[in-house]
Amino acid sequence: MTPYNPFNRNFGTGTRTKAVRPDMKWHELTRAGNIYEPGNANTYETGDWRSIRPVWNKERCIHCLMCWRYCPDASVIAKGGKFETFDYKHCKGCGICAKVCPVNAIDMVPEDEIKKVKEANKDEE
Amino acid sequence: MAKVLEIRWHARGGQGAKTAALMLAESVAEMGKYVQGFPEYGPERMGAPIQAFNRISDEPIYIHSNVINPNIVIVLDPTLIGKANVTEGVPEDGIYIINTTKTPAEVREMLGIKSGKIYTLDANQISLETIGRAIPNTPMMGAFIRATGIIPFDQFMTHMREQLSKKFKSKPEVIEGNLKAIERAYREVNAE
Amino acid sequence: MKSKVALTGNEAVAQAMKQINPDVVAAYPITPQTEIVQIFSSFVANGEVDTEFVAVESEHSAMSAAIGAAAGGARAMTATSSQGLALMFEVVYIAASMRLPIVFPVVNRALSGPINIHCDHSDAMGLRDSGVIQLFSENAQEAYDNMIQAVRIAEHSDVRLPVMVNMDGFITSHAMDVLEVLDDETVRNFVGTYVPEDYLLDAENPISIGNFDMYDFYFEHKRQQVEAMKAAKEVIREIGKEFGRISGREYGLIESYKLDDADVAVVVLNSAAGTAKGVADELRANGVKAGVLKPRVYRPFPQDEIREALKGVKAVAVLDRAETFSTCGGPIFADIRNVLYDLKNDIKVVNYVYGLGGRDLRLEHVAQVFEELENIRKTGRVDETVKYLGLRE
Ligand code: SF4
Ligand code: SF4
């Protein structure tokens, strides 16, 4: 059987570039907008969609990792089977982690307040 | 354009006119001729008058219109005479091949035509006696070969045997019955 | 090795599919489906092909399943007709924009209403702007040949688009015709083994396809589709030549019949082109310089070839088997007139809508068209630009 041999010319109908930039021309973009870089959601920071943020209470946490399992944005970071921190670059503030936490170790705090606290801290310095 | 022979079949839905037109096309094609075979397009209803068509030529056939002026008319069901317009568009030298117990002279009277050639045969009786059921389509092909002489009869029979063998692999008695029906029709057809 | 056989158009296309032996065929098995799928499914049942046959609940799902299969890396096909194509409409655009090489025969039949099941090009014309390649077939032979070439055209790396192979409902699909079929091995070698470029089941190279585009990218990706259509013309030509070498039947974008010295010409798709050729032959015997142009490819539109073929003609009639309801003629008419505008000469172009809902196109209808073209040529006057052929008026 003869293997299929396309003519191997490039009519500019698509590259396999990984880094798609908004200023790219039509013939520089991947064909049909295919995405060749897996896991690239990491570069898309959704953290600024958040209006309330989860805040972890170290004393109450029993490290059951329910929050880690339920977070739809993989924004709960665990290490060695223990709660480590939130990934605020991607956390959208949906509050699911706070809801599923069996010991109320997560508080949802409005970003405004966080800002105020931060500014207050700055003033103190 | 080369001369194209055009055929119109008249039958009732369920009598196998479409099958006959396609089988005729297949065997004539195997003889190296160019051919078309097509039914009257539409839903097929048991018992309703239907038509089927063939075109046969020695050269490729371009035309895809309906057959309007058939050189040959084949009537599978005698009760259609007077109901379907069997003579419509048929030229003076047209050929009629009719399944009936009547004589060609009687049919000519019924059709009300003076010119043209009429062939009659009792295809129902022939198929009853050879195949065991009243399916007149195969005997009509025998009559067609007799009336037109477009293929030598022996060759036609060889091709029909091949075709029927493909179609009825598991029923050899059907093959023999059909072949006998064609042969009897070829011999028994009356002409005027 | 080639052999001459008598087959209906449906049988011929099913035969081509059998020889292509696609990985997946997804189809809706009930009316308005054609015999193509029924015959093909018997090949599947008898183990004559390796195809995975997916019987789905609608044509919308048929094309969706074909998309899934093609995206997964399979050589995928579907088939439909009339209302089925209409129901498939939405998903055909998606197949095209995802650049999936799905091949699908379409038996051209009318769209309801009134309810009608007969030959008409309205179904295919509804999808002329969907981004799929549209091939048209005059008879069973061309339908068979187009199917085999369609696979190569669709899968070509410069193209990567779905290909719709059209043939006339009943007139071609249900009529027995004599054609030459190639032997299995020749077809197998011609279509080759499908090597998908990007596919979802490639675990080594995970990709994401069918993605969301905002106003910042959609336009660019549509422009890419135009480029693929442009490239398709060259690819169709080359594959048509290559097909000629294995079959003795070479194909281009159009068929130009006796146009070299023609004064008057008819442009028409599918089976009616054969009837028009027959009439042109007869008229030529009586001294009328008549010719016929049959676009084999309607999308992409072969404007250069058509302009070249018609440049010496004085009067042209475009026959459309579909209405646009624009009140200024059928779809092919608009395209042809557009193309001829660039010639800047005095070529007269008129339109005849014919054959809607299976109305028979008779020899005398075509003869009437040529006669009217001769009148236009002689007088230089066009009374009516758009007319109806075979209509009771
Ligand atoms: S608020 Fe929502 S997104 Fe953020 S960490 Fe909790 S579950 Fe995840
Ligand atoms: S769900 Fe609550 S208790 Fe469990 S790990 Fe998360 S924060 Fe700690």
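Residues numbered from 1 in each chain as written. Chains lettered and ligands numbered in written order. Predicted model: local features only at pLDDT ≥ 70, side-chain atom pairs only at ≥ 80, totals over all residues. Heavy atoms only, no water.

Peer 1: Just give me the short version of the interface of chain C and chain B, but keep the residues and values in it.
Peer 2: How big an interface is tends to be expressed through the accessible area that disappears when the partners come together. Contacts between the two partners involve 25 residues from chain C, matched on the other side by 21 residues from chain B. When chain C packs against chain B, close to 2,000 Å² is buried across both sides, 63% of that on carbon and sulfur atoms. Three residues, Met176(C), Val178(C) and Asp360(C), lead the burial of chain C against chain B; their summed loss comes to 26% of the area buried on that side. Where chain C meets chain B, there are zero salt bridges. Linking chain C to chain B there are five residue pairs in polar contact (both at pLDDT 80 or more). Mapped by element, the contributors of at least two residues to the side of chain C that touches chain B are strand 1 (2-8), strand 9 (176-182) and helix 9 (272-285) of chain C. (Contact = heavy atoms within 4.5 Å. Buried area = accessible area lost by both parts, 1.4 Å probe. Salt bridge = Lys/Arg side-chain N within 4 Å of Asp/Glu carboxyl O. Polar contact = N/O pair within 3.5 Å; in protein donor to acceptor, adjacent residues only side chain to side chain. Helix = DSSP H or I, 4+ residues; strand = E, 2+ residues; numbered from the N terminus.)

Peer 1: A description of a nonpolar patch on the surface should follow, citing residues and the corresponding values.
Peer 2: All names here are of chain C. Side chains of Phe-212, Met-214 and Tyr-215 sit close together on the surface and give an oily, nonpolar patch of about 440 Å² of accessible area. Along the chain, the position of Met-214 falls in the loop between helix 7 (184-191) and helix 8 (218-247). You can call Met-214 partly exposed: its relative accessible area is 36%. (Patch = residues over 30% accessible without salt bridge, like charges linked within 9 Å, V, L, I, M, F, W, Y side chains within 5 Å. Areas by Shrake-Rupley, 256 points an atom, 1.4 Å probe, with all protein chains shown as cover. Buried < 20%, exposed > 50% of the residue type's maximum accessible area, 1.4 Å probe, protein only.)

Peer 1: Mind laying out the site of ligand 1, listing which residues take part and the relevant values?
Peer 2: Taken together, Pro54(A), Cys71(A), Pro72(A), Val76(A), Phe86(A), Cys91(A), Lys92(A), Gly93(A), Cys94(A), Gly95(A), Ile96(A) and Cys97(A) make up all the residues around ligand 1. Its residues assigned to classes, the shell around ligand 1 comprises nine nonpolar, two polar and one charged. (Near = heavy atom within 4 Å. Nonpolar A, V, L, I, M, F, W, Y, C, P; charged D, E, K, R; others polar.)

Peer 1: Describe the interface of chain C and chain A, with residues and values.
Peer 2: Each side of the interface is counted separately: chain C has 30 residues, and chain A has 26 residues. In total, about 2,800 Å² of surface goes out of reach between chain C and chain A, with carbon and sulfur atoms giving 54% of it. Remark: the boundary between chain C and chain A carries one salt bridge. Of all the elements in the fold, those that place two or more residues in the side of chain C that touches chain A are helix 6 (140-155), helix 7 and helix 8 of chain C. It is helix 8 of chain C that provides the largest number of residues to the side of chain C that touches chain A, a total of nine residues. When the residues that make up the side of chain C that touches chain A are grouped by side-chain class, the tally is seven nonpolar, ten polar and 13 charged.

Peer 1: Lay out the domain arrangement of chain C in plain terms, naming residues and giving numbers.
Peer 2: Residues and elements named next belong to chain C. Assigned domains within chain C: domain 1 (2-247) and domain 2 (254-389). Just the C-alpha atoms count here: the centres of domain 1 and domain 2 sit 28 Å apart. Counting residues at the interface gives 31 residues for domain 1 and 28 residues for domain 2. Between domain 1 and domain 2 lies a buried interface of about 2,200 Å² when both sides are counted; carbon and sulfur atoms form 49% of it. Here domain 1 is connected to domain 2 by five salt bridges. Close ionic contact of Glu-305 with Arg-237 constitutes a salt bridge, the shortest N to O distance being 2.7 Å. One can count 20 residue pairs in polar contact (both at pLDDT 80 or more) joining domain 1 with domain 2. The set of elements that each furnish at least two residues to the side of domain 1 that touches domain 2 consists of helix 5 (122-125), strand 7 (133-137), helix 6, strand 8 (163-168) and helix 8. Residue composition of the side of domain 1 that touches domain 2, grouped by class: twelve nonpolar, eleven polar and eight charged. (Domains from an automatic or database assignment.)

Peer 1: Provide a residue-level description of the site of ligand 2, including the pertinent values.
Peer 2: Not every one of the 13 residues close to ligand 2 is listed here, only the nearest: Cys61(A), Cys64(A), Leu65(A), Cys67(A) and Cys101(A). Here the residues of the shell around ligand 2 sort into twelve nonpolar, one polar and no charged.

Peer 1: Before we move on, could you go through the confidence of the model for chain A and cite the residues and values that matter?
Peer 2: Across chain A, the average pLDDT comes to 83, with 82% of residues at or above 70. Below pLDDT 50 for its whole length, residues 1-13 of chain A participates in 31 contacts with residues either more than four positions away or in separate chains. (pLDDT = per-residue confidence, 0-100.)

Peer 1: Residues and numbers for empty space enclosed by the protein, please.
Peer 2: With the rule as written, the count across this model stands at four cavities of 30 Å³ or more. In this structure, the largest cavity occupies an estimated 100 Å³ of space. By residue class, the composition of the lining of the largest cavity is seven nonpolar, one polar and four charged. (1 Å grid on protein atoms, 1.4 Å probe; cavity = no way out; pocket = protein on both sides within 12 Å on 5 of 7 lines; lining within 4 Å. Points joined across faces, edges and corners; volume = space filled by probe spheres on them.)

Peer 1: Describe the sheet that holds strand 10 (residues 254-257) of chain C, listing the residues and the values that go with them.
Peer 2: Residue and element names in this part refer to chain C. With mixed pairing, six strands are arranged side by side in an open sheet as 10-12-11-14-15-16. A single partner strand is all that each edge strand has here, and the edge strands are strand 10 and strand 16 (386-389). Averaged over all pairs of adjacent strands, the angle between strand axes in this sheet comes to 20°, irrespective of strand direction. The sheet contact formed by strand 11 (residues 264-267) and strand 12 (residues 290-295) spans four bridges and is parallel. Residue pairing for strand 12: Val-264 is matched across the bridge by Ala-290. (Pairing = 2+ DSSP bridges. Axes fitted to C-alpha atoms, helices over the stretch in contact; angles between N-to-C directions.)

Peer 1: Can you break down helix 2 (residues 104-111) of chain B residue by residue, with the values?
Peer 2: All names here are of chain B. Taken together, the buried positions of helix 2 are Pro-104, Val-107, Arg-108 and Leu-111. Take helix 2 and look down its axis: the buried residues cluster within an arc of 105°, on one side only. Those residues of helix 2 hidden inside the fold are in contact with strand 5 (95-99), strand 6 (117-121) and strand 7 (190-191). Looking one or two residues past helix 2, Gly-112 carries a phi angle of roughly 70°, positive in sign. (Arc of directions from axis to C-beta.)

Peer 1: I'd like to hear about the side chain of Arg299(C), residue by residue, with values.
Peer 2: Residue and element names in this part refer to chain C. Examined against the element boundaries, Arg-299 turns out to sit in strand 13 (residues 297-299). Given a relative accessible area of 12%, Arg-299 falls into the buried group. Only 3.3 Å separates the side chain of Arg-299 from the backbone oxygen of Arg-128, close enough to count as a polar contact. With residues near it in sequence (within four places) discarded, Arg-299 still touches Arg-128, Asp-129, Val-132, Ile-133, Gln-134, Met-229 and Asp-335.

Peer 1: Summarise the packing of helix 6 of chain C against helix 7 of chain C; cite the residues concerned and give the values.
Peer 2: A pair of packed helices is characterised by two quantities: the angle between their axes and the separation of those axes. Residues and elements named next belong to chain C. Two elements in contact, helix 6 and helix 7, have axes separated by 9 Å at closest approach and are oriented at 35°. On the side of helix 6, the interface is formed by Tyr-144, Ile-148, Gln-149, Val-151 and Arg-152, while helix 7 contributes Val-187, Phe-190 and Val-191. Of the residues that constitute the contact of helix 6 with helix 7, the class distribution is six nonpolar, one polar and one charged.

Peer 1: Tell me about the packing of aromatic side chains, residues and numbers included.
Peer 2: Each pair of aromatic rings is reported with the distance of its centres and the angle of its planes. Across all of its chains, the model carries twelve aromatic pairs over all chains by this definition. Relative to Phe86(A), the ring of Phe83(A) lies with its centre 5.1 Å away and its plane at 75°, an arrangement referred to as edge-to-face. Each member of the pair, Phe83(A) as well as Phe86(A), carries the same accessibility label: buried. Their ring planes at 40° and their centres at 5.0 Å tell us that Phe89(C) and Tyr93(C) sit as a pair that is tilted. Of this pair, Phe89(C) and Tyr93(C) both sit in helix 4 (residues 82-97), four residues apart, which is roughly one turn of the helix. One aromatic cluster in this structure is built from Trp56(A), Phe83(A), Phe86(A) and Tyr88(A). The ring of Phe43(C) is capped by Lys18(C), whose NZ or CZ atom sits 4.6 Å from the centre of that ring. (Phe/Tyr/Trp six-rings, centres within 6.5 Å; stacked < 30°, edge-to-face > 60°. Lys NZ or Arg CZ within 6 Å of the ring centre and 35° of its normal.)

Peer 1: Could you give an account of the confidence of the model for chain C, naming the residues involved and the relevant values?
Peer 2: With 99% of its residues at a pLDDT of 70 or more, chain C has an overall mean of 96. For this predicted complex, the interface score ipTM comes out at 0.85, alongside a pTM of 0.88.

Peer 1: Describe in detail the arrangement of the chains, supporting the description with residues and values.
Peer 2: Highest in contacts among the two pairs of chains that touch are chains A and C. One thing to see here is that chain A and chain B don't touch, and their nearest C-alpha atoms sit 31 Å from each other.

Peer 1: How would you explain the nonpolar core if you had to name every residue and give the values?
Peer 2: All names here are of chain C. Residues Met-63, Phe-104, Leu-310, Val-316 and Ile-336 are the most contacted members of the largest nonpolar core, which totals 55 residues. Elements supplying a minimum of two residues to this core: helix 3 (59-71), helix 4, strand 6 (103-108), helix 5, strand 11, helix 10 (303-310), strand 14 (315-320) and helix 11 (331-341). With seven residues, helix 3 is the single largest residue contributor to this core. Ignoring anything within four residues of it in the chain, the contact list for Ile-336 reads Val-267, Phe-301, Ile-306, Leu-310, Val-318 and Val-349. (Core = buried A, V, L, I, M, F, W, Y, C linked by side-chain atoms within 4.5 Å.)

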